[in-house]
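Residues per chain, in single letters:
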Amino acid sequence: MRQLFSLAISLSVVGFHAQTLKNFSVPKGFQKIAEAKGDLDKDGKDETVIIFNTDKKTKLNDRDNFLRSFFILKDVDGQLKIWKENNSVLFSSGMGFYPEDNAPPEISIKNNSVSITQVFNTNSRHTQTYRHTFRYQNGDFYLIGSHDRFEDTCDFNYLNEINFSTGKVVIDEEHSSCDEEEKDIPQNVHKEFIHHFKTLIRMNDFRIGENKFKIAGSDKDFSF
């Protein structure tokens, strides 16, 4: 009886929260560039995640550059309502060396978590890939995974990964050479270790590259 009462209270709180959410409509001037659906709060119902180019335009390297935003939407009695809005995780449309060739960000939803992947070139040979994963818990969305791959066409391939739930950190550096006769090639590096994070980062507090910690036994920092 007590468990049924607790469940009823929990469902009533969720229902009240849903009723207080604002209705969603596509903001004027916004252009949808990515969308995915999946269950993010384990209620058996799919949420909708949509990424937009906004109408806020600036200049970046003399190119048109649109800021981006994404919404996490709940379906309440057939009406989409705004559960979460974020504009700090996404790079703008003009990011990179060839922004006109960039693929739009990719959204994937798996195991009740949402991942956003962004890929762009930093110059004619280098590609940067970011994937960040967020999970709903304790009343908000928190960063639980970070994947950062930086690669050259033939000289190197660097990977930095963090699982914030377990604290596992992976550093992997593969080296080669575009010159087939080059013999002085740096050694490959692979490290795995546990770093204990005191608190998780809320989605709306996270900005790529603005966080770091000291790698134990090293004078280097790990940035994410």
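The text that follows walks through the structure, step by step, so that each part is easy to find.

### Here we look at the pairing of strand 4 (residues 63-76)
1) Next: Across ten bridges, the pairing between strand 3 (residues 47-60) and strand 4 is antiparallel. When the bridges of strand 4 are listed, Phe52 appears paired with Ser69.
2) Next: Note that strand 4 and strand 5 (residues 79-86) share seven bridges and pair antiparallel. Bridge pairing links Asp75 to Leu80 in strand 5.
3) Next: Between strand 4 and strand 5, which pair antiparallel one after the other, the connecting turn spans two residues, and Asp77 there sits at a positive phi close to 55 degrees.

### As for the environment of Tyr98
1) Next: Along the chain, Tyr98 falls in the loop between strand 5 and strand 6 (106-110).
2) Next: Judged by relative accessible area, Tyr98 falls into the partly exposed class, the value being 30%.
3) Next: As for Tyr98 and Lys84, which are separated by 14 residues in sequence, their C-alpha atoms are 31 Å apart.

Cut-offs and rules
- Starting from 1, residues in each chain are numbered consecutively following that chain's sequence as written.
- Confidence filtering applies because this is a predicted model: local features only for residues at pLDDT of at least 70, side-chain atom pairs given and counted only at 80 or more, and all residues used for totals across whole chains, interfaces and linings.
- Side-chain numbers come from the whole structure's heavy atoms, not from hydrogens or water.
- Strand pairing follows a simple DSSP-based rule, namely that at least 2 bridges must link the two strands.
- Strands are runs of DSSP state E lasting at least 2 residues, helices are runs of H or I lasting at least 4, and numbering of each runs from the N terminus.
- Working definition: with a 1.4 Å probe on protein chains only, accessible area under 20% of the residue-type maximum means buried, over 50% means exposed, and in between means partly exposed.

Interpretation in functional terms is not warranted from these geometric data alone.
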